[in-house]
4 protein chains.
Amino acid sequence: MRYASALRLPQYAVMKTLPTLLTMAHPGDLSELDARIRNGAIRAEQIVAVIGKTEGNGGVNDFTRGYFTQSLMHLLSTHLRESPAELAARIPCILSGGTEGVLSPHYVVFCRCDDDDDATSEGGALAIGLAFSVATATGDIGRASHAHQVAAAVRAAMRDAGIDHADDVHFVQVKTPCITVARAEEARAQGMAPVSGDPNRAMAYARAAGALGVALALGEVDGAALTDDALLADMSLYSERASISSGVEISCNEVIVLGNSPHWTGHYRIAHKPMADALDIGAVAAALADLGLDAAPQLDASALGRIAGVFVKCEPQRQGRVRGARHTMLDDTDINAQRHIRGAVGGMVAAVIGDGRIFVSGGAEHQGPDGGGLIAVIASGPRP
Amino acid sequence: MRYASALRLPQYAVMKTLPTLLTMAHPGDLSELDARIRNGAIRAEQIVAVIGKTEGNGGVNDFTRGYFTQSLMHLLSTHLRESPAELAARIPCILSGGTEGVLSPHYVVFCRCDDDDDATSEGGALAIGLAFSVATATGDIGRASHAHQVAAAVRAAMRDAGIDHADDVHFVQVKTPCITVARAEEARAQGMAPVSGDPNRAMAYARAAGALGVALALGEVDGAALTDDALLADMSLYSERASISSGVEISCNEVIVLGNSPHWTGHYRIAHKPMADALDIGAVAAALADLGLDAAPQLDASALGRIAGVFVKCEPQRQGRVRGARHTMLDDTDINAQRHIRGAVGGMVAAVIGDGRIFVSGGAEHQGPDGGGLIAVIASGPRP
Amino acid sequence: MRYASALRLPQYAVMKTLPTLLTMAHPGDLSELDARIRNGAIRAEQIVAVIGKTEGNGGVNDFTRGYFTQSLMHLLSTHLRESPAELAARIPCILSGGTEGVLSPHYVVFCRCDDDDDATSEGGALAIGLAFSVATATGDIGRASHAHQVAAAVRAAMRDAGIDHADDVHFVQVKTPCITVARAEEARAQGMAPVSGDPNRAMAYARAAGALGVALALGEVDGAALTDDALLADMSLYSERASISSGVEISCNEVIVLGNSPHWTGHYRIAHKPMADALDIGAVAAALADLGLDAAPQLDASALGRIAGVFVKCEPQRQGRVRGARHTMLDDTDINAQRHIRGAVGGMVAAVIGDGRIFVSGGAEHQGPDGGGLIAVIASGPRP
Amino acid sequence: MRYASALRLPQYAVMKTLPTLLTMAHPGDLSELDARIRNGAIRAEQIVAVIGKTEGNGGVNDFTRGYFTQSLMHLLSTHLRESPAELAARIPCILSGGTEGVLSPHYVVFCRCDDDDDATSEGGALAIGLAFSVATATGDIGRASHAHQVAAAVRAAMRDAGIDHADDVHFVQVKTPCITVARAEEARAQGMAPVSGDPNRAMAYARAAGALGVALALGEVDGAALTDDALLADMSLYSERASISSGVEISCNEVIVLGNSPHWTGHYRIAHKPMADALDIGAVAAALADLGLDAAPQLDASALGRIAGVFVKCEPQRQGRVRGARHTMLDDTDINAQRHIRGAVGGMVAAVIGDGRIFVSGGAEHQGPDGGGLIAVIASGPRP
């Protein structure tokens, strides 16, 4: 296991996570980050991860993610003595395409800083940890063995974050490799059977393995239950805190753990809640309440000013019903079902928060209850 | 002025409006209405209007509306001694296409009944009134003269509904004629200049005239302000209670007024609120509160059981911002902006209500504040 | 086996097939057919089948097909002493949704007439035959047994058409039942395993069974090769003359056979050619040449006047290549791949013919060479 | 007037244009160009222009163009001593988004070389010339004055190309600035009225001005006819050889002239033909015939091997008819009309050529006959 933290992640005596929410005019626009690096608000060498939403369609042919990532790495390369390729290999940049409805393109830059003040939050402060697994063999992708590999990386990232208890983890973003047609052929030539010959189906299996790997590491599912057959089948197994994407551009698993730790300082904390279905507005209010934020029905300006990031996973209910009423997302030949659900759940969450800069991602297999999903919120403490 | 009420609308000593919310399996499925007519729950001859949502794209090439209407009129024709064409001419069937996200295809059937119990609501009960204007000349469509014609029809529908005060009107659904290429040429041949040669633009003008006609009748705008130049230009002029659609299939203006009247009986009442923008969840809660319904953050089962219809108009903000954050609805070449906004606002309203059977319609020019819209809710009183 | 011909199909001493190509202003517009029935050009009781294209998206939520069918049957019901339901049960109305690009909504009405002149074509004239199979058990749908059932119906339709030799058959349109979620559950309750639990996949299997059933009846594949495992797997098996659609609205297989028969009279003949890929413009020219029509590169006005119907099946190449060049149809999250291929192949065929009223249908599994498809053309003889 | 050629364009005693058609795996993939630069087949310093098609939607939110351009300039920057920004300012990279149907993502790299052999073509060889105008004032964009400015740049590019006679020009690619909301406000503040406040409408005016500017320079329209009122109104005015795009990223007009010149050497020549409508397959054949290529109905392998680039402009006919048959492109709320027409015309042209790597661009106002467009083909001479 190679840990990113063992390589280059900044380490300080007193550590603080600094999340900064920035906006973009288009997927190639990094000007806000550039300005903050230039004025010293962000130190380029302290950036450890980026999570964001770009305005593509979120599907296979969404190139806004690649465009943004290329632009980001080129920008950082001008500030640091590393090539774009080196930077891309050590700084996870996880993007969800699709800003349907009121959603607004944005990104959260996570820095690991040495603390420059004495702020501490009771119960710990926001902590971030990273780990990269070794490459997953194509024959393992989307299987229980893949999940175990992800689980090990999650545990490593927890250690990197200084989080001792699984209960203190509130959001785990994982990017897993997936099976391309070429990889599948290569695997077959080596006598390995890929979990599915259909790339889209294989990608869903990869996300499932990632999610159940997180669930295993956090004690949300039992190792005995995590069999090959359970993936995409036993939907009673899930993590409340896993957000998984899968991409052709990587061969290992990249893990970002976010939680609260007494070993870290700073004003920020994180909370989460599972969402039972696409109408579970109660979960949104409850996650905010855990951070002392009262949405009745919407955050006021002061509370909104404390929000540093909102992360949501969701899925169209697969029997075509939301609380018994027929939905038409799965049958729409013109708009992809993931675009539908992101727009609807995004509309709900943005209305409670009072802001459209919400990370809403589909493809939530085993990530929250079936047909629902999860929400995590990062906020600073109240101004004294 | 021809009033539908003068022709065939049922008149009783004691009148009651009975709204029934039904669902459909597809746009040609009227089986729920057929069953209720057969079991006596609905009397076909008492049906005066239908408002619903079908699952098309809501655009020019959305034929789910025509399919549903044809199916409805054929069904009613089997129960009444009138042809489908005769029924279509006297029963307004106003449909909005597009059930994006969690929205669910449904329709509300409005009956005018003689009261069979002694129920009354303090402050009056739900009242419905109809009026059809004479045909609007093509040269007038989308102009101030068109608005005045609509205003007269709204006043007639108020009289039909027995509503004396404009404040007691809470939702006015209008269907106006629009300018086809053929009508534009015909008008020019007669020396009339159509308001626009672009059919989509002309349709927006027609909706604007309808909305400002409602606003004039309800005292929301002053007659002096309602000039030709104000349409689609002075967005400070609007009605909080107008919901306008425009269609090629009619030449007159069809008006349905819904409000509360002391002259009517029954358990149902209606309330409304303007929505300042696409995140105005407070307006949803406030409209519900006016009916004694508490969403904190969502209606409970008992409160949900009282809901008989929710009607929403909304628009993508035209400068590309929602509360300062960039939205991408207007620039999306793949998904029409109206589909985006319906999905987002529908997601928000459905989450507060706890049900996806919400009428959400775009094209809200002068219908609620610019970039926002309005919401109206019909609910029965609390069970004693 | 119930044959439609045994029930009500017109039978004459000297029979002639009269195909009439009509256009529509929208999917509910049957005015051209109504006018022809009223002026005597078409006798309603002689109508035996309708094949057409409507302007929906061609996918699951394309309701233009149901709308057109309902409108057609209501119209015919006003001219004949049968209910719409009775007419729908005996007159196949096969529609393909989606008029992408230059394609134009239209329909071909097939009449069986007694001949009123002495016209004969050397080598026989256009003949049409129909057959309806019994209901296919859900456990059989999409399997070899289903294909055998279709093959029997094709043979029956050939007998009905008076076509003795398989070589004289040039186009077989089949509509097969498919597996809905409800049917799948019902089958499982009875101990039958549906071929796939995924409705879209099951529908592809149903089309495959239909296509290979046609191939079997026409001697294009050997019965021994037609195993369950061959469906959707051995793409070297196909019919050059099968056009299959699959729908939830039927439980039996409806078969229309079109060919040339010496037992029929009239000016019309039919020809066909397989298409090797989406660029196989040579196949279009060759099919026309078989009818004595020279496209160099396009039909002239006189030749175009002889065309009575053009029917095309096509598919996006499944490895993502057309003659080695990457295509992007299968990866487009915004436009369904079938809409892409219909638009492209429709553009090619319409350009050779010189008219956009071409029936182009996707979903061509085992219907023509893999990644290609087929074309059939009906034309009258040259004016003497 | 600043001419690019006066700045850095390579100048040799004997000049040759070398067009190289390359493909990409995705919009950020320049590996084929990189390989050719590395193996010496292309010399980076000789690259003067790139024209290509990427796989986006071709609309406002198509970022594949920006992604490709950024990737191209970064790649060239690694081979040349210029920054990406400097390269972007001198090498026009004109991209059309949207590879609908059988179209395949690709790009043509144009090099200006010193000739290394004695090949000459009778009647001249392919010549390329560039010119950049000064910045167009926002108040001029989309007006006759803008067209005159483009005309001057076209004449300059002709001189740069060594083309003396307008008849020897066969394709002029122009990129014009357009009016953003910000530019419009700025212009109004300075007392200038933008041609339209609607950005899409203003962009169409900008393309119109570009096209009529080309027409003026080539003598296709008379200067007296080119008034402000003629733009987007008198569609009888057009260029048979203009291909215009308009973008926010530039403020001047970039012009690439392609033609045949006796002053150039090499095997390549170019020809063009106007297309009367979307079915004008005869124009495709005629353009090929001008180069000695016979499509009957498709190029054979030998002829296909001579093709170095095919460039097409097209438009959905604006009255909704193609040769009298109704098309549905303009009314489709789900698929943009430009995507429809590119797919259809691309299907036709690719079938005649036998290859999907065709540049097909929409937005063809005044570029070819109204409702039609134009085609230009570059091919090498027959192998001796």
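Predicted model, so just to flag it, every value in this text is computed and none were measured.

Considering the overall build of chain A
So, point 1. On a plain count of helices and strands, chain A comes out with 10 helices and 15 strands.
So, point 2. Its C-alpha atoms give chain A a radius of gyration of 20 Å, near enough to 21 Å, the size a compact globule of 384 residues would have.
So, point 3. Judged by the C-alpha coordinates and their principal axes, chain A covers about 55 × 50 × 40 Å.
So, point 4. Within chain A, buried positions represent 66% of all 384 residues.
So, point 5. Considering only intrachain contacts with a sequence separation of at least 6, the fraction spanning at least 24 residues in chain A is 82%.
So, point 6. Entry remark: accessible area of chain A is about 12900 Å², with carbon and sulfur atoms responsible for 48%.
So, point 7. If you average the places of the 32 positive and of the 43 negative side-chain charges in chain A, the two averages end up 2 Å apart.

Examining the interface of chain B and chain C
So, point 1. At the junction of the two partners, chain B supplies 11 residues and chain C supplies 11 residues.
So, point 2. Summing both sides of the interface, chain B and chain C together bury roughly 1000 Å²; the carbon and sulfur share of this comes to 61%.
So, point 3. Remark: the boundary between chain B and chain C carries 0 salt bridges.
So, point 4. The interface formed by chain B and chain C holds 2 residue pairs in polar contact (both at pLDDT 80 or more) in total.
So, point 5. Tallied by class, residues from the side of chain B that touches chain C come to 3 nonpolar, 6 polar and 2 charged.

Describing the sheet that holds strand S2 (residues 47–54) of chain B
All names here are of chain B.
So, point 1. Ordered in space as S3-S2-S4-S1-S9, the 5 strands form an open sheet in which the pairing is mixed. Looking along the sheet, the strands with just one partner apiece sit at the ends: strand S3 (93–97) and strand S9 (264–265).
So, point 2. Note that strand S1 (residues 15–23) and strand S4 (residues 106–114) share 9 bridges and pair antiparallel. Considered in S4, the bridge of Leu18 is made with Cys111.

Description of the interface of chain C and chain D
Where the parts come together, the accessible area they lose is often given as the size of the interface.
So, point 1. Counting residues at the interface gives 40 residues for chain C, matched by 40 residues for chain D.
So, point 2. Approximately 3000 Å² of surface area, both sides summed, lies buried where chain C meets chain D, with 59% of it carried by carbon and sulfur atoms.
So, point 3. As a salt-bridge pair, Arg326(C) and Glu55(D) come within 2.7 Å of each other at their nearest N and O atoms.
So, point 4. Taken together, the links from chain C to chain D amount to 18 residue pairs in polar contact (both at pLDDT 80 or more).
So, point 5. Taken together, the elements giving at least two residues each to the side of chain C that touches chain D come down to helix H8 (281–290), strand S13 (325–326) and helix H10 (337–353) of chain C.
So, point 6. A total of 9 residues in the side of chain C that touches chain D trace back to one element, the largest contributor, which is H10(C).

Some remarks on the packing of aromatic side chains
So, point 1. Per the stated rule, a full pass over the model turns up 14 aromatic pairs over all chains.
So, point 2. Through pairs of rings, three or more aromatic residues link up here, namely Phe171(A), Phe311(A) and Phe359(A).
So, point 3. The ring of Phe359(B) is capped by Lys53(B), whose NZ or CZ atom sits 5.8 Å from the centre of that ring.

Considerations on helix H5 (residues 144–161) of chain A
So, point 1. Here H5(A) contains 18 residues, and its C-alpha end-to-end distance of 25 Å stays within 8% of the 26 Å for a straight helix at 1.5 Å per residue.
So, point 2. Among the residues trailing H5(A), Gly162(A) stands out with phi positive, at a value near 70 degrees.

Notes on the relation of the copies chain C and chain D
So, point 1. Superposition of chain C onto chain D requires a rotation of 180 degrees combined with a translation of 0.0 Å along the rotation axis, giving an RMSD of 0.0 Å. Such a combination of rotation and displacement between the chain copies is what one expects of a two-fold axis. Nearest to the rotation axis, the C-alpha of Met348(C) is located 2.0 Å from it, this being the minimum over chain C.
So, point 2. Same-surface contact between copies: 100% of interface residues of chain C are shared with the interface of chain D.

What about the packing of helix H5 (residues 144–161) of chain C against helix H7 (residues 199–217) of chain C?
For any two helices packed against each other, one specifies the inter-axial angle together with the distance between the axes.
Residue and element names in this part refer to chain C.
So, point 1. Viewed as axis vectors pointing N to C, H5 and H7 meet at an angle of 50 degrees, and their least axial separation amounts to 7 Å. Of the possible angle classes, the one that applies to H5 and H7 is oblique. Here H5 and H7 pass one another in a crossing that is right-handed. In this structure, H5 uses His146, Ala147, His148, Val150, Ala151, Val154 and Arg155 to contact H7, whose residues at the interface are Ala206, Ala209, Gly210, Leu212, Gly213, Val214, Leu216 and Ala217.
So, point 2. Residue classes in the contact of H5 with H7 are distributed as 10 nonpolar, 4 polar and 1 charged.

As for the confidence of the model for chain A
So, point 1. Taken residue by residue, chain A gives an average pLDDT of 93. The fraction at 70 or more is 95%.
So, point 2. Per the prediction output, this complex has pTM 0.96; the corresponding ipTM is 0.95.

Some thoughts on the relation of the copies chain B and chain C
Mapping between the two chain copies consists of a rotation about an axis together with a translation along that axis.
So, point 1. Expressed as a screw operation, the relation of chain B to chain C combines 0.0 Å of axial shift with a rotation of 180 degrees, fitting to an RMSD of 0.0 Å.
So, point 2. Comparing contact sets, 100% of the residues at the interface of chain B also lie at the interface in chain C, consistent with an isologous, same-surface contact.

Some words on the packing of helix H8 (residues 281–290) of chain D against helix H10 (residues 337–353) of chain D
Residue and element names in this part refer to chain D.
So, point 1. Where H8 meets H10, the axes come as close as 10 Å, and the angle between the chain directions of the two elements is 40 degrees. Taken together, H8 and H10 sit at an angle that is classed as oblique. As H8 packs across H10, the resulting crossing turns out to be right-handed. Only Met348, Val349, Val352 and Ile353 of H10 make contact with H8, whose side of the interface consists of Ile281, Val284 and Leu288.
So, point 2. Across the contact of H8 with H10, the residue classes break down as 7 nonpolar, no polar and no charged.

Some words on the environment of Gly58(A)
Residues and elements named next belong to chain A.
So, point 1. Position of Gly58 among the secondary structure elements: in the loop between strand S2 (47–54) and helix H3 (64–79).
So, point 2. Given the relative accessible area of 27%, Gly58 is considered partly exposed.
So, point 3. Gly58 sits 220 residues away from Ala278 along the chain, and the two C-alpha atoms are 19 Å apart.
So, point 4. If sequence neighbours within four positions are ignored, Gly58 has contacts with Arg65, Gly97, Gly98 and Arg342.

Let's talk about the pattern of salt bridges
So, point 1. Throughout the structure, instances matching the rule amount to 65 salt bridges over all chains.
So, point 2. The closest approach of N and O atoms between Asp277(D) and Arg323(D), which form a salt bridge, is 2.8 Å. Of this pair, Asp277(D) sits in the loop between strand S10 (268–275) and H8 while Arg323(D) sits in the loop between strand S12 (321–322) and strand S13 (325–326), and the two are 46 residues apart along the sequence.
So, point 3. Assessed through its relative accessible area of 16%, Asp277(D) is described here as buried.
So, point 4. When its relative accessible area of 42% is taken as the criterion, Arg323(D) is described as partly exposed.
So, point 5. Connected via shared salt-bridge partners are Glu100(A), Arg339(A), Arg342(A), Asp332(B) and Asp334(C).

Examining the pairing of strand S8 (residues 254–261) of chain B
Residue and element names in this part refer to chain B.
So, point 1. Burial of S8 is extensive: 8 of the 8 residues sit out of reach of the surface.
So, point 2. Residues of S8 alternate between two faces, with Glu254, Ile256, Leu258 and Asn260 on one and Val255, Val257, Gly259 and Ser261 on the opposite face, all of them buried.
So, point 3. Where strand S5 (residues 125–132) meets S8, 8 bridges bridge the pair, whose relative direction is antiparallel. By the bridge assignment for S8, Leu126 is matched with Asn260.
So, point 4. Across 6 bridges, the pairing between strand S6 (residues 169–177) and S8 is antiparallel. In the sheet register, Val169 faces S8, and the bridge partner there is Gly259.

Regarding helix H10 (residues 337–353) of chain B
Residues and elements named next belong to chain B.
So, point 1. Helix length check: H10, at 17 residues, gives a terminal C-alpha distance of 24 Å against a target of 24 Å (1.5 Å per residue), a fit within 8%.
So, point 2. Of all 17 residues in H10, 16 are buried, a share of seventy percent or more.
So, point 3. Regarding H10, its N-cap is Asn336, as a side-chain oxygen of that residue lies 2.9 Å from the backbone nitrogen of Gln338 further along.
So, point 4. Following H10 by one or two positions, Gly354 adopts a phi angle in the positive range, close to 90 degrees.

About the thresholds
- Residues numbered from 1 in each chain as written.
- Chains lettered and ligands numbered in written order.
- Predicted model: local features only at pLDDT ≥ 70, side-chain atom pairs only at ≥ 80, totals over all residues.
- Heavy atoms only, no water.
- Helix = DSSP H or I, 4+ residues; strand = E, 2+ residues; numbered from the N terminus.
- Rg over C-alpha atoms; globule rule 2.2 N^0.38 Å.
- Buried < 20%, exposed > 50% of the residue type's maximum accessible area, 1.4 Å probe, protein only.
- Contact = heavy atoms within 4.5 Å.
- Areas by Shrake-Rupley, 256 points an atom, 1.4 Å probe, with all protein chains shown as cover.
- Lys, Arg positive; Asp, Glu negative; His and termini not counted.
- Charge placed at Lys NZ, Arg CZ, Asp CG, Glu CD.
- Buried area = accessible area lost by both parts, 1.4 Å probe.
- Salt bridge = Lys/Arg side-chain N within 4 Å of Asp/Glu carboxyl O.
- Polar contact = N/O pair within 3.5 Å; in protein donor to acceptor, adjacent residues only side chain to side chain.
- Nonpolar A, V, L, I, M, F, W, Y, C, P; charged D, E, K, R; others polar.
- Pairing = 2+ DSSP bridges.
- Phe/Tyr/Trp six-rings, centres within 6.5 Å; stacked < 30°, edge-to-face > 60°.
- Lys NZ or Arg CZ within 6 Å of the ring centre and 35° of its normal.
- Expected span 1.5 Å × (residues − 1).
- Least-squares fit on C-alpha atoms with pLDDT ≥ 70 in both.
- Axes fitted to C-alpha atoms, helices over the stretch in contact; angles between N-to-C directions.
- Parallel < 35°, antiparallel > 145°, perpendicular 65-115°, else oblique.
- Left-handed = near helix turned anticlockwise from the far one by under 90°.
- pLDDT = per-residue confidence, 0-100.

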